[in-house]
Amino acid sequence: MKGKKLNKGVNYRTLEKLFKITNKGSETFTYDISVSVVEVYNEQIRDLLALVTTSKRLEIKQAQEGLHHVPELVEAKLENIKEVLDVIKIENSARPVGSNNMNKHSSHSHL
């Protein structure tokens, strides 16, 4: 999802393309871009952009048909691709990294 420095992942490439599109249409339209980053592990949801870790349990709520949201999730407003890199650094530092005997050999990617 994230990729490496020379081979950026899908998240970064998608936001990079989104900013290129919004820059082309900026004379006609106004765009507001924001992101939230969550980790779902063992049925627990963690806000990876929250400055303070809280014991309050986050839950996914259904807003209307087909739309879901997580109340009280931190939203980072983004103006440019540099701010995307800043958000990625924040979420990287908040994400616990490790493996155990169950996931060490799994086919899923681990940081």
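Structure: see above.
Residues numbered from 1 in each chain as written. Predicted model: local features only at pLDDT ≥ 70, side-chain atom pairs only at ≥ 80, totals over all residues. Heavy atoms only, no water.

Colleague: Any chance you could break down the overall build of the protein for me, citing the residues and the numbers?
Modeller: Looking only at helices and strands, the protein has two helices and six strands in total. Taken from the N to the C terminus, the helices and strands of the protein come in the order α-β-β-β-β-β-β-α. The 111 residues of the protein split such that 20% are buried. Across the protein, every contact between residues at least 6 apart in sequence was considered, and the portion connecting residues at least 24 apart equals 50%. With the model as given, the accessible surface of the protein reaches about 9,300 Å², and the carbon-plus-sulfur share is 53%. (Helix = DSSP H or I, 4+ residues; strand = E, 2+ residues; numbered from the N terminus. Buried < 20%, exposed > 50% of the residue type's maximum accessible area, 1.4 Å probe, protein only. Contact = heavy atoms within 4.5 Å. Areas by Shrake-Rupley, 256 points an atom, 1.4 Å probe, with all protein chains shown as cover.)

Colleague: How would you sum up the pattern of salt bridges? Please name residues and give values.
Modeller: One pass over the full model with this rule turns up five salt bridges. With its nearest N and O atoms 3.4 Å apart, the salt bridge here joins K77 to E75. Taking the shortest distance from any N to any O, the salt bridge between K82 and D86 comes out at 2.9 Å. Here K82 pairs with D86, and both are found in helix α2 (residues 81–94), just four residues apart, close to one helical turn. (Salt bridge = Lys/Arg side-chain N within 4 Å of Asp/Glu carboxyl O.)

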